[in-house]
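Descriptive structure summary
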Amino acid sequence: MSSIQSMVAPHRRVVVKRPAEAFRPLEHIEREWKTLDYLRVPDLERCGRDHGTFVSLLMKGGAEVLYLPADDRTGLDSLYTHDPVLMTDRGAVILQTGKPARRGEGPAFADVCGKWGVPVLGKIEGDATAEAGDMLWLDRRTLLIGRGFRTNAAGVDALSSILAPLDVNVIAFDLAYWNGVNEVLHLQSFISMIDENLAVVYRRLLPVAMFELLTKRGVRLIDVPDSEYDSLACNVLAVAPRKVMMVAGNPTTRTRIEKEGGTVTEFDGSEICIPGSGGPTCLTRPIQRA
């Protein structure tokens, strides 16, 4: 049965946002990149070119690509379309981001769901916060969530209530403090599923209980070396089982994936990924898988 409740089933429809629509108004970029804790200001011209190449690779893999429009409620971070919504087999859950500057992204996504034929299953509101970068489908009935600075306990509880009628078991893990509140650390910062029983991980950040669960479920781990963590080797996008896209410049991780039978397509993420610490998974929101 086809299910969107997977991290590895083949992409059919994927939502992205062009840099030209995310990085606006242009005069705000110089100020906003610091507020959002980017490593540096992105080069808009190169971002547009590299994002176009990235999208071409998605389409080559068989995905229909849909574009979020420009929206005055959103800013630079809206380039990363993965975070403001969780997709389920019964529709979208619109999230309320833990990063205050991103609060407009959920409502902006909700506004276009109808045009794409995507029902809205529920919304995270009030004091609850949740970002999809903290969420990982282990299987279609098991959702892992990282509780940290972006997804709080109220967000975990609210999402658990929304997903209960779908018979989804939500399992939460406390994330590490790492480098503090201002630096992004999502659950998917240190794990990417590339098949139902295979994951790319930065093991030093794995919560012990999560490691034990993965081991119990028979999930094998491909380790990312320390030297490739900051270059986003952990953020690997599975466009199909063991068929992945990753940021260029992570040769050790690439070799390890290939030794496990994976096929790797690299792209230049020096402008669309590295400055904002968001990899190919962050750049995409699959809304239909096969």
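Each chain carries its own residue numbering, running from 1 in the written order of its sequence. The predicted origin of the model limits local features to residues at a pLDDT of at least 70 and limits the giving and counting of side-chain atom pairs to 80 or more, whereas totals for whole chains, interfaces and linings rest on all residues. Neither water nor hydrogens contribute to the side-chain values; these are computed over all heavy atoms in the structure.

Overview of helix α6 (residues 208-216)
- Think of it in three bands: with a 1.4 Å probe and only protein chains considered, a residue is buried below 20% of the maximum accessible area for its type, exposed above 50%, and partly exposed in between. The numbering of helices and of strands both runs from the N terminus, where a helix is a DSSP run of H or I of at least 4 residues and a strand a run of E of at least 2. For α6, every residue scored as buried is listed here: Met 210, Leu 213 and Leu 214. Projected down its long axis, α6 shows its buried positions confined to an angular sector of 100 degrees, all on one face. Across from the buried face of α6, at angles greater than 90 degrees, the exposed residues are Val 208 and Lys 216.
- Throughout, a contact is declared for two residues whenever any of their heavy atoms are within 4.5 Å. Where α6 is buried, its residues touch β6 (135-139), β7 (142-147), β8 (169-174), β9 (191-195) and β11 (220-223).
- Looking one or two residues past α6, Gly 218 carries a phi angle of roughly 80 degrees, positive in sign. For this quantity, the arc is that covered by the directions from the helix axis to the C-beta atoms.

Some points on the state of the cysteines
- Two cysteine sulfurs form what is called a disulfide whenever their separation falls within 2.5 Å. A full pass over the atoms with the stated rule returns zero disulfides.
- Just so you know, Cys 273 is unpaired, no disulfide at all, and the nearest cysteine sulfur is the one on Cys 282, 7.7 Å from it.

Let's talk about the layout of surface pockets
- Of the grid points, spaced at 1 Å and generated over the protein atoms alone, those admitting a 1.4 Å probe that cannot get out make up cavities, while open sets with protein on both sides within 12 Å along at least five of seven lines make up pockets; any residue with an atom within 4 Å of a point is treated as lining. Grid points are joined across faces, edges and corners, and a volume is the space filled by probe spheres set on the points. The volume enclosed by the largest pocket comes to roughly 590 Å³.
- Lining the largest pocket are 33 residues, with Val 184, Leu 232, Gly 276, Ser 277 and Gly 278 sitting closest to its centre.
- Polar here means any residue other than Ala, Val, Leu, Ile, Met, Phe, Trp, Tyr, Cys and Pro, which are nonpolar, and Asp, Glu, Lys and Arg, which are charged; Gly is therefore polar. When its residues are assigned to classes, the lining of the largest pocket shows 13 nonpolar, 12 polar and eight charged.

Some remarks on the sheet that holds β9
- Spatially, β9-β10-β11 is the arrangement adopted by the three strands of the open sheet, whose pairing is mixed. Only two strands of the sheet have a single partner each, and these edge strands are β9 and β11. Recorded for the sheet is a direction-independent mean angle of 30 degrees between the axes of neighbouring strands.
- Relative to strand β10 (residues 198-201), β9 is paired through four bridges, and the arrangement is antiparallel. Bridging from a neighbouring strand, Ile 191 pairs with Val 201 of β10.
- Packing of helix α7 (residues 251-259) onto the sheet brings it into contact with β9, β10 and β11, and relative to β11 it is tilted by some 150 degrees. When DSSP finds two or more bridges between two strands, those strands count as paired. For helices, the fitted line uses only the C-alpha atoms of the stretch in contact; every axis is such a line through C-alpha atoms, and the angle between N-to-C directions lies from 0 to 180 degrees.

Focus on the pattern of salt bridges
- The working definition used for a salt bridge is a side-chain nitrogen of Lys or Arg within 4 Å of a carboxyl oxygen of Asp or Glu. Scanning all chains against the criterion turns up 21 salt bridges.
- Here Asp 223 and Arg 203 are joined by a salt bridge, their closest N and O atoms 2.8 Å apart. Highlighted residues: Asp 223 in strand β11 and Arg 203 in the loop between β10 and α6, separated in sequence by 20 residues.
- Judged by relative accessible area, Arg 203 falls into the partly exposed class, the value being 38%.
- Through salt bridges with shared partners, one network takes in Asp 77, Asp 83, Lys 99, Arg 102 and Glu 105.

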